[in-house]
Amino acid sequence: MTVQLEYNRIVEALPQNLASSVIAIEDHGLIIQPERLTDIAAFLKVEPGMELDYLCSITGVDCINYFEIDYLLYSIKLNHRCTLKVRLADKSEPAVPSLAGLWLGAELQEREIFDLLGINFSGHPDMKRIFLWEGFPGHPLRKDYGHGC
Amino acid sequence: MEIGSGINSMDLDLHEGHVIEDLKNSAASALPEPSRWLDEEIERNIITTTVDKLLNWGRKTSLWTETSFTACCTFEFISTSSSRFDIARFGMEVLRSSPRHADLMITAGTLTWKMAPQIKRVYEQMAEPKWVIAMGACGISGGIFADSYAVVPGYNRILPVDVYIPGCPPRPEALLAGIELLRKKIEKRSIAKGN
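Residues numbered from 1 in each chain as written. Chains lettered and ligands numbered in written order. Predicted model: local features only at pLDDT ≥ 70, side-chain atom pairs only at ≥ 80, totals over all residues. Heavy atoms only, no water.

### As for the nonpolar core
Most often, soluble globular proteins keep nonpolar side chains buried together rather than apart.
Moving on, step 1. Core analysis: the largest hydrophobic core is formed by 34 residues, its most contacted members being A:Leu44, A:Ile69, A:Tyr71, A:Leu84, A:Val96 and A:Ile119.
Moving on, step 2. At the level of secondary structure, the elements contributing two or more residues to this core comprise helix H1 (7-13), helix H2 (16-19), strand S3 (29-32), helix H3 (37-46), strand S4 (54-62), strand S5 (67-75), strand S6 (80-88) and helix H4 (106-117) of chain A.
Moving on, step 3. Sort the elements by how many residues they give to this core and H3(A) lands first, with 5 residues.
Moving on, step 4. Among the nonpolar cores identified, the runner-up in size contains 26 residues, and A:Leu116, A:Leu132, B:Val132 and B:Ala134 belong to it. (Core = buried A, V, L, I, M, F, W, Y, C linked by side-chain atoms within 4.5 Å. Buried < 20%, exposed > 50% of the residue type's maximum accessible area, 1.4 Å probe, protein only. Helix = DSSP H or I, 4+ residues; strand = E, 2+ residues; numbered from the N terminus.)

Written out as structure tokens, the structure reads:
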């Protein structure tokens, strides 16, 4: 069975300059600064003992006061997993670095979050809508989106 | 993003967006039932009455269905077309992948605005005479998704519908009852009277 990685172990393994960008350790994820997301993910992908080589899913959540993006990472080889989370307090122009350079599978999932929540993934190769059509007003998964035709 | 010689994928997306917006704007209200307007043209052009029965018999006993199934009602249709419910009894077992061969569109499932231009195009490619059965709550009115930003509130916004079958999804018996209604409707057609 897949084992949950101890978050304390991850923080200890991180080099000093990356460990300082960990904001908090919660039960269900490691909350990190958005600016260092790419560095931390690149480190965890190749570091012996971590080798989180598979990005299972990316989820965007509108938590009213901020946007949260959850990255669920697995290690196929070592059979463990962990969750990285970033929180974006700026709801007017939310932006986070893209992970499409590390895991190609991130590309479509980031476009989905861009489409439905309006979060911009900087460095993404093709940032545009995926489910809705060009010209659609607004981002429907935002809590303040007015539903109805 | 460049996807071919001089073709930008964003241009394609913008074009698609315009197509959907135009269709949405022209679909503000439901189209009338076809017998209100369809047969005027036939009335003007054909005068004989003696072949009515033969034509209607031929049409109602070989309704070939277009396979344009967008969501979960499809599985009730698959049950209906397989051996237990057996629509081969009505000469309908031939499911057509080409709209050019089809007489009947059964709208099995929720239709999104993103998919709507394609469904409308398939309908327009079907040869006359043609009929549409709106199957299930989504086909009739958008169902539980009627208020959604992404769902067409009823196929009759973009196609003229002949028979409505309620249910979420309708059981195969309900679909068969709807098909029976359509067969009765076809029996009443007259190329001379125009109804």
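### A short note on the packing of aromatic side chains
All names here are of chain A.
Moving on, step 1. Within this structure, the stated rule accounts for 6 aromatic pairs over all chains.
Moving on, step 2. Ring centres 6.4 Å apart and planes at 50 degrees place the aromatic pair Tyr-54 and Tyr-74 in the tilted group. Of the two residues, Tyr-54 sits in strand S4 while Tyr-74 sits in strand S5, which places them 20 residues apart along the sequence.
Moving on, step 3. Its relative accessible area of 39% is what places Tyr-54 among the partly exposed residues. (Phe/Tyr/Trp six-rings, centres within 6.5 Å; stacked < 30°, edge-to-face > 60°.)

### Details of the interface of chain A and chain B
Moving on, step 1. Contact residues are listed per partner, giving 16 residues for chain A and 18 residues for chain B.
Moving on, step 2. In this assembly, chain A packs against chain B so that about 1400 Å² is buried in total across both faces, 62% of it on carbon and sulfur atoms.
Moving on, step 3. Joining chain A to chain B, the criterion identifies 1 salt bridge.
Moving on, step 4. B:Asp13 is the salt-bridge partner of A:Lys128, the closest N and O atoms lying 3.0 Å from each other.
Moving on, step 5. Along the contact surface separating chain A from chain B lie 3 residue pairs in polar contact (both at pLDDT 80 or more).
Moving on, step 6. For the side of chain A that touches chain B, the class distribution of residues is 9 nonpolar, 3 polar and 4 charged. (Contact = heavy atoms within 4.5 Å. Buried area = accessible area lost by both parts, 1.4 Å probe. Salt bridge = Lys/Arg side-chain N within 4 Å of Asp/Glu carboxyl O. Polar contact = N/O pair within 3.5 Å; in protein donor to acceptor, adjacent residues only side chain to side chain. Nonpolar A, V, L, I, M, F, W, Y, C, P; charged D, E, K, R; others polar.)

### Let's talk about the sheet that holds strand S5 (residues 104-108) of chain B
In a beta sheet, neighbouring strands are held together by backbone hydrogen bonds and run either parallel or antiparallel to one another.
Residues and elements named next belong to chain B.
Moving on, step 1. The strand order across the open sheet formed by 5 strands is S4-S3-S5-S6-S7, and the pairing between neighbours is parallel. Looking at the sheet topology across the chains shown, the edges are occupied by strand S4 (95-96) and strand S7 (163-165).
Moving on, step 2. Of the pairings in the sheet, the one linking strand S3 (residues 65-66) to S5 comprises 2 bridges and is parallel in character. Following the sheet pairing, Glu-66 is matched in S5 by Met-105. (Pairing = 2+ DSSP bridges.)

### Some details on the confidence of the model for chain B
Residue and element names in this part refer to chain B.
Moving on, step 1. With 91% of its residues at a pLDDT of at least 70, chain B reaches an overall mean of 86.
Moving on, step 2. Of all secondary-structure elements in chain B, the lowest mean pLDDT belongs to helix H2 (residues 39-45), at 68, while S7 reaches the highest, 94.
Moving on, step 3. Model confidence for the complex is summarised by a pTM of 0.74, with the ipTM given as 0.74. (pLDDT = per-residue confidence, 0-100.)

### Description of the environment of B:Ser79
Residue and element names in this part refer to chain B.
Moving on, step 1. The residue Ser-79 is located in helix H4 (residues 73-81) in this model.
Moving on, step 2. On a C-alpha basis, the gap between Ser-79 and Glu-128 in space is 28 Å, while along the polypeptide they are 49 residues apart.
Moving on, step 3. Apart from the residues within four sequence positions on either side, Ser-79 is in contact with Phe-85 and Pro-172.

### Side note on the packing of H4(B) against helix H7 (residues 172-187) of chain B
Residues and elements named next belong to chain B.
Moving on, step 1. One way to put it is that H4 packs onto H7 with a least axis distance of 9 Å and a crossing angle of 75 degrees. By the angle between their directions, the pair H4 and H7 is classed as roughly perpendicular. In this structure, H4 contributes Glu-76, Phe-77, Ser-79 and Thr-80 to the contact, and H7 contributes Pro-172, Leu-175 and Leu-176.
Moving on, step 2. Here the residues of the contact of H4 with H7 sort into 4 nonpolar, 2 polar and 1 charged. (Axes fitted to C-alpha atoms, helices over the stretch in contact; angles between N-to-C directions. Parallel < 35°, antiparallel > 145°, perpendicular 65-115°, else oblique.)

### Observations concerning the pattern of salt bridges
All names here are of chain A.
Moving on, step 1. Evaluated as defined, the whole model comprises 16 salt bridges over all chains.
Moving on, step 2. Asp-62 is paired through a salt bridge with Lys-91; the nearest N and O atoms lie 2.7 Å apart. Of this pair, Asp-62 sits in strand S4 while Lys-91 is found in the loop between S6 and strand S7 (95-97), placing the two residues 29 residues apart along the sequence.
Moving on, step 3. The exposure class of Asp-62 is buried, given its relative accessible area of 7%.
Moving on, step 4. Glu-68 is paired through a salt bridge with Lys-85; the nearest N and O atoms lie 3.7 Å apart. One end of the pair, Glu-68, is in strand S5; the other, Lys-85, is in strand S6, with 17 residues separating them in the sequence. Lys-85 carries the same exposure label as Glu-68, and that label is buried.

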